[in-house]
Amino acid sequence: MQAVIQLRGEVDMRETVEDTLSMLNLHRVNHATLVPETDAYSGMIAKVNDYVAYGEPSLETVKALVAKRAEPLEGDADVDDEWVAENTDYDDVDDLARALYNENTTLREAGLSPAVRLHPPRGGHQGIKHPQSEGGQLGKQSTEDVDELLERMR
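Please read these numbers as outputs of a predicted model, since none were measured by experiment.

Novice: So what about the overall build of the protein? Which residues, and what values?
Specialist: For the protein, the count of helices and strands is 6 helices and 5 strands. Along the protein, from the amino end to the carboxyl end, the secondary structure elements read β-α-β-α-β-α-α-α-β-β-α. Summarising its shape, the C-alpha atoms of the protein cover approximately 45 × 30 × 30 Å along the three principal directions. Expressed as a percentage of the 154 residues in the protein, the buried residues total 45%. Across the protein, the fraction of contacts at a sequence separation of at least 24, relative to all contacts at a separation of at least 6, is 70%. As displayed, the protein offers around 8,100 Å² of accessible surface, 42% of which is attributable to carbon and sulfur atoms. For the protein, the centre of its 15 positive side-chain charges and the centre of its 31 negative side-chain charges are spaced 8 Å apart.

Here is the structure:
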């Protein structure tokens, strides 16, 4: 599974890149989504590489993301153990997060919004004009870097 976080806005962006971000359910800056590792998603991520940070998150990060920032498709209820038990096939948030992490389900299949709205990173970005290889924050990130970025954005 990959966590994809949009870090740059859509000003002066090519229309094909905008469409690809839309297909990834990333409509605004500081939104994130969890996608499976398939060839189709890999191609989409490669196309928007200059506007997003992505990488494989840890299970603990997925649990925290679902518990703190996930939103139901309908209504405005908090996603807690009670909501998960009533509206999904899972017993609690940990089971749902584990299923997401193992790619057994998706956010939309679980009745959650596929886009996760995040807070801007506390302490600021490390640079959104350069890829990670040049000291920036865009592009492929290690598990530790994705976890750290998502932690600062929760």
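Moving on, there is more to tell.
Novice: Describe the nonpolar core, with residues and values.
Specialist: If you look at the biggest cluster of nonpolar residues, it comprises 28 residues, and the most contacted ones within it are Ile5, Val66 and Leu118. Formed by 13 residues, the second largest nonpolar core is a distinct cluster that contains Val4, Val17, Val35 and Tyr54.

Novice: Can you break down the pairing of strand 2 (residues 31–35) residue by residue, with the values?
Specialist: Counting buried positions along strand 2 gives 5 out of 5 residues, so the element sits mostly inside the fold. A two-sided burial pattern is seen for strand 2, the buried positions comprising His31, Thr33 and Val35 on one face and Ala32 and Leu34 on the other. Looking at chain direction, strand 1 (residues 2–6) and strand 2 are connected through 4 bridges and run antiparallel. Directly across from valine 4, in strand 2, lies its bridge partner threonine 33. Pairing geometry for strand 2 and strand 4 (residues 116–117), over 2 bridges, is antiparallel. Each bridged residue has a counterpart across the sheet, and for alanine 32 the counterpart in strand 4 is valine 116.

Conventions used here
Residues numbered from 1 in each chain as written. Predicted model: local features only at pLDDT ≥ 70, side-chain atom pairs only at ≥ 80, totals over all residues. Heavy atoms only, no water. Helix = DSSP H or I, 4+ residues; strand = E, 2+ residues; numbered from the N terminus. Buried < 20%, exposed > 50% of the residue type's maximum accessible area, 1.4 Å probe, protein only. Contact = heavy atoms within 4.5 Å. Areas by Shrake-Rupley, 256 points an atom, 1.4 Å probe, with all protein chains shown as cover. Lys, Arg positive; Asp, Glu negative; His and termini not counted. Charge placed at Lys NZ, Arg CZ, Asp CG, Glu CD. Core = buried A, V, L, I, M, F, W, Y, C linked by side-chain atoms within 4.5 Å. Pairing = 2+ DSSP bridges.

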